[in-house]
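Observations on the three-dimensional arrangement
Letter by letter, the chains look like this.
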Amino acid sequence: MSTGSRKTWEAWARSVPPLACVSTREPCPDPMATATRLARAGLAGQYVVYEADGGVWHFAAGSDVSVTADTGGITARAAGRTWTSRTDGRPLAAFAGALSALRDEDDEGSRGEENAGGRHFYGWAAFELAHLLHADPASAGDRPLLHAMVPSVEVTLSGDSTVVRAVDEAWARKVADLLAEPAAGQPSARDEPVREGTEGIIAVGSAAYGRAVARTVGDIRAGLLEKAVVSRKVPLPAERHPDFPATYLAGRRANTPARSYLLDLGGYRAAGFSPETVLEVGDDGRVSTQPLAGTRALGADPAENERRRAELLSDPKEIHEHAVSVRLAWDEMAAVCSPGSVVVEEYMAVRPRGSVQHLASRVTGRLRPDTGPWDAFASLFPAITATGVSKRAALQTLARHEDGPRGLYGGAVFRGSTGGALDAALVLRTLIGTGDEAWLRAGAGVTAQSSPEREIEETCEKLRSVAPYLRFSAD
């Protein structure tokens, strides 16, 4: 980072207020519903609900402090002021540099014990960032690629307690009042999914998708690549307006995600149930990634689910698809981890994820002293299970065969800290909206053994994790 940029971000960081007001309350009986209720309250211009590991929900809101980066420039806001700098085609490096200035402020001790472990930030990375990291920079486009918010208020909801952190007493009182309100009128766990029209929704675009799969199989058999995760976009009717909080709550009740999120942040709205993480980095430098590849449906019949599970574990196409994903994940981890520290802790387990079951593995390692969480993010993003093998060739293939940019789909929603932690969920099984448009999207791993019919059905199986739980506004 240049001297000029460093001074820019130091000035920005000094303008970011600490979360000086901290209080601990009794645990809420339903953290998921409480986090959703806080999101619906409209406390600020931006909010995120992020479900972390272990059944902990985080709610964060604010509109004053943010960082946004694209291929050409980066913009940071705080205290009513704006700071800008060039990215010179390296938006992730500029983005990480800006956030590191917050860490430097923490290191000076100005934040106090109320923020031990550092300040948290919440954000997203668009899939097109991948083209800058691994393929053709010209394909990255001119839209924002990274966005993060530093919240004015953050609420952590667990089975043990409810912790509220706020920049001042006014914010703390707003949240305290909401937490004290009864939860009347919230959708309940007994609500049945709205299944009317689900199959019609998920069938949109399937014929064109089958043709894209066939073209991709041709590329693979021609030796251009080993695997590509080809996806299709399913637009929702323009006359219907999704209720994102209600969709999130209904869908989360029925899903078994690795992470989930609900957000209105940096121009995107989303309600999603991520089956895997792109990466998890702890304050101690331990890093892991969780590739899932290989899919079968998961329904209400235990015997049929077991039959499909056995089929999944013995299908040559699914095993090959999974093995090449784990191999590349290992290589990407080894690029940023200490020699000898990378191991496969779990290999080809079967994990339930809503309407499907996946082959799952976990690769772990320990970051080298000269690398940090954003170096690991740059190596692992986007998840291999959302791109293909090799990543460069797969990205080129997707640019040829998919219709338009993916945007948030296949990217990441993340929660991080200035202390070095970073938890990034892969954006799949997600309702996405921007402006007046809303859509679903799903993909399947295409290999030389793929058939268009099977890959179409796999996308339908995945879409059934979200489509039956769509809720719409009354207007």
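Residues numbered from 1 in each chain as written. Predicted model: local features only at pLDDT ≥ 70, side-chain atom pairs only at ≥ 80, totals over all residues. Heavy atoms only, no water.

1. Brief notes about the pattern of salt bridges
Between side chains of opposite charge, pairing is possible as soon as their charged atoms come close. Throughout the structure, instances matching the rule amount to 34 salt bridges. For glutamate 311, the salt bridge is made with arginine 307, and the minimal N-O distance between the two is 3.3 Å. Of this pair, glutamate 311 and arginine 307 are both found in helix H9 (residues 302-314), four residues apart, which corresponds to roughly one turn of the helix. Given a relative accessible area of 30%, glutamate 311 falls into the partly exposed group. (Salt bridge = Lys/Arg side-chain N within 4 Å of Asp/Glu carboxyl O. Helix = DSSP H or I, 4+ residues; strand = E, 2+ residues; numbered from the N terminus. Buried < 20%, exposed > 50% of the residue type's maximum accessible area, 1.4 Å probe, protein only.)

2. A word on helix H7 (residues 206-221)
In this model H7 runs 23 Å from its N-terminal to its C-terminal C-alpha over 16 residues, within 8% of the 22 Å that 1.5 Å per residue would give. Of all the residues in H7, the buried ones are Ser206, Tyr209, Gly210, Ala212, Val213, Thr216, Val217, Asp219 and Ile220. Next to the buried residues of H7 lie strand E11 (227-235), helix H12 (391-401), strand E23 (437-446) and helix H13 (452-463). Glycine 223 lies just past H7 and shows a positive phi near 85 degrees. (Expected span 1.5 Å × (residues − 1). Contact = heavy atoms within 4.5 Å.)

3. With respect to the pairing of strand E2 (residues 46-52)
Most of E2 is tucked away: seven of the seven residues are buried. On E2, burial covers both faces: Gln46, Val48, Tyr50 and Ala52 on one face and Tyr47, Val49 and Glu51 on the other are all buried. Pairing of E2 with strand E3 (residues 56-62), which is carried by seven bridges, proceeds in the antiparallel orientation. Within the sheet, the bridge partner assigned to tyrosine 47 lies in E3 and is alanine 61. The loop that links E2 with its antiparallel partner E3 comprises three residues; one of these, glycine 54, has a positive phi angle of about 85 degrees. (Pairing = 2+ DSSP bridges.)

4. Structural notes on the nonpolar core
Core analysis: the largest hydrophobic core is formed by 73 residues, its most contacted members being Trp12, Phe95, Leu129, Leu279, Trp374 and Phe377. With eight residues, the single largest contributor to this core is helix H3 (residues 91-107). (Core = buried A, V, L, I, M, F, W, Y, C linked by side-chain atoms within 4.5 Å.)

5. With respect to a nonpolar patch on the surface
Together, Trp330, Val344 and Tyr347 line one region of the surface with nonpolar side chains, adding up to about 270 Å² of accessible area. With respect to the helices and strands, the residue valine 344 is situated in strand E17 (residues 343-353). (Patch = residues over 30% accessible without salt bridge, like charges linked within 9 Å, V, L, I, M, F, W, Y side chains within 5 Å. Areas by Shrake-Rupley, 256 points an atom, 1.4 Å probe, with all protein chains shown as cover.)

6. Focus: the environment of valine 363
Tracing the chain through its elements places valine 363 in strand E18 (residues 356-366). The class for valine 363 is buried, based on a relative accessible area of 0%. Excluding anything up to four places from it in sequence, valine 363 contacts Val287, Ser288, Thr289, Val326, Ala329, Trp330, Met333, Val342, Val343 and Val344.

7. Notes on the environment of methionine 32
Assignment of secondary structure puts methionine 32 in helix H2 (residues 31-40). Take methionine 32: its relative accessible area is 9%, and that puts it in the buried class. On a C-alpha basis, the gap between methionine 32 and arginine 253 in space is 9.0 Å, while along the polypeptide they are 221 residues apart. If sequence neighbours within four positions are ignored, methionine 32 has contacts with Trp57, Tyr248, Leu249, Arg252 and Arg253.

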